[in-house]
Amino acid sequence: MPFKNPNRIWEGHQTLLAKNGIHILEVMDTRALARDQAKEFLFVLGQPLLKGAVQAIINPIAIR
């Protein structure tokens with residue numbers, strides 16, 4: 001995603017999380033779901049109540 005100012009580092013976290021509330025979950029460990037061959041589950045992600053943050057520890061849960 002190119003930004004208007006080419007001299008700035010990629011601002012994906014600031015744009016997605018801080019400005020739009022979209023969590024980036026690329027490091028989730030889903031091996032247990034794959035091992036159990038889970039095809040349906042309820043994904044629960046408790047949002048931390050931090051304003052303007054670009055990083056937080058979260059604890060997502062898959063309920064089968």
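Scroll up for the structure.
Residues numbered from 1 in each chain as written. Predicted model: local features only at pLDDT ≥ 70, side-chain atom pairs only at ≥ 80, totals over all residues. Heavy atoms only, no water.

Describing the pattern of salt bridges
Thought 1: Taken as a whole and judged by the stated rule, the model has one salt bridge.
Thought 2: In this structure, Arg 31 and Asp 29 form a salt bridge, with 2.8 Å as the shortest nitrogen-oxygen distance. Assigned by exposure class, Arg 31 and Asp 29 land together as exposed. (Salt bridge = Lys/Arg side-chain N within 4 Å of Asp/Glu carboxyl O. Buried < 20%, exposed > 50% of the residue type's maximum accessible area, 1.4 Å probe, protein only.)

Side note on the environment of Leu 33
Thought 1: Mapping Leu 33 onto the fold places it in helix α2 (residues 31–35).
Thought 2: Here the alpha-carbon distance between Leu 33 and Ile 57, two residues 24 residues apart in the chain, equals 21 Å.
Thought 3: Not counting residues up to four positions away in its chain, the partners in contact with Leu 33 are Ala 38, Phe 41, Ala 62 and Arg 64. (Helix = DSSP H or I, 4+ residues; strand = E, 2+ residues; numbered from the N terminus. Contact = heavy atoms within 4.5 Å.)

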